[in-house]
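Fold and contact review
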Amino acid sequence: MAKITGKYEVLYIIDPAQGEEGIATLVEKFKAMVEAGGTLTDIDEWGKRRLAYPINDLPEGYYVLMHYESQPSFPAELERVMKITDGVLRCLTTAVEE
């Protein structure tokens, strides 16, 4: 029997130069997108942290971790949107084992 929904987590890093309002806008945008395509179970804003290596010459980034359930096709669409959004430095989606 095929899986109808799966559990996923996505960690994304936002450029801190966006400012508090810009960061809040991006977090809300991705939160709304997940809620439209699945069920958001948890969102954890880690805040500004030092990067392991510079990305675009930036030493810090604003980290956000979201847990959600959705159709198996949704995570690819979410990552596609994150990759073309200005202000997002990196994103990584992983399937969570049940």
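Residues numbered from 1 in each chain as written. Predicted model: local features only at pLDDT ≥ 70, side-chain atom pairs only at ≥ 80, totals over all residues. Heavy atoms only, no water.

On inspection of all chains with the given rule, the structure shows 2 salt bridges. A salt bridge links arginine 80 to glutamate 77, with the nearest nitrogen and oxygen atoms 2.9 Å apart. Highlighted residues: arginine 80 and glutamate 77, both in helix H2 (residues 74-84), separated by 3 residues, approximately one helical turn. Residue classification places arginine 80 among the partly exposed positions, given a relative accessible area of 43%. Exposure remark for glutamate 77: the relative accessible area of 34% places this residue in the partly exposed category. Residue glutamate 79 is joined to lysine 83 by a salt bridge in which the shortest nitrogen-to-oxygen separation is 3.6 Å. (Salt bridge = Lys/Arg side-chain N within 4 Å of Asp/Glu carboxyl O. Helix = DSSP H or I, 4+ residues; strand = E, 2+ residues; numbered from the N terminus. Buried < 20%, exposed > 50% of the residue type's maximum accessible area, 1.4 Å probe, protein only.)

On to helix H1 (residues 19-37). For H1, spanning 19 residues, the distance from its first C-alpha to its last is 27 Å, which sits close to the expected 27 Å at 1.5 Å a residue. Every buried residue belonging to H1 is among Gly22, Ile23, Leu26, Val27, Phe30, Met33 and Val34, and all of these are buried. Along the long axis of H1, the arc covered by the buried residues comes to 130 degrees, so they all point the same way. Among the exposed residues of H1, those pointing more than 90 degrees away from its buried face are Glu20, Glu21, Thr25 and Ala36. The elements touched by buried residues of H1 are strand S1 (6-14), strand S2 (38-55), strand S3 (58-70), H2 and strand S4 (88-95). (Expected span 1.5 Å × (residues − 1). Arc of directions from axis to C-beta. Contact = heavy atoms within 4.5 Å.)

Moving on, we come to the pairing of S2. In this structure, S2 lies alongside S3, joined through 12 bridges in antiparallel fashion. Considered in S3, the bridge of aspartate 44 is made with leucine 65. Between S2 and the antiparallel strand that follows it, S3, lie 2 residues; asparagine 56 among them carries a positive phi value of about 55 degrees. (Pairing = 2+ DSSP bridges.)

Note on soluble globular proteins: their nonpolar side chains tend to be buried together. Formed by 20 residues in total, the largest nonpolar core has its most connected members in Tyr12, Ile14, Phe30, Met66, Leu78 and Met82. Going through the elements one at a time, S1, H1, S3, H2 and S4 are the ones with two or more residues in this core. Examining the composition of this core, we find that 6 residues originate from one element, H1, more than from any other. In terms of nonpolar packing, the next biggest core, distinct from the first, is built from 5 residues, Ile13, Ile55, Tyr63 and Leu89 among them. (Core = buried A, V, L, I, M, F, W, Y, C linked by side-chain atoms within 4.5 Å.)

What follows is about unusual backbone geometry. At asparagine 56, a position not held by glycine, the phi torsion is positive, near 55 degrees. Position of asparagine 56 among the secondary structure elements: in the loop between S2 and S3.

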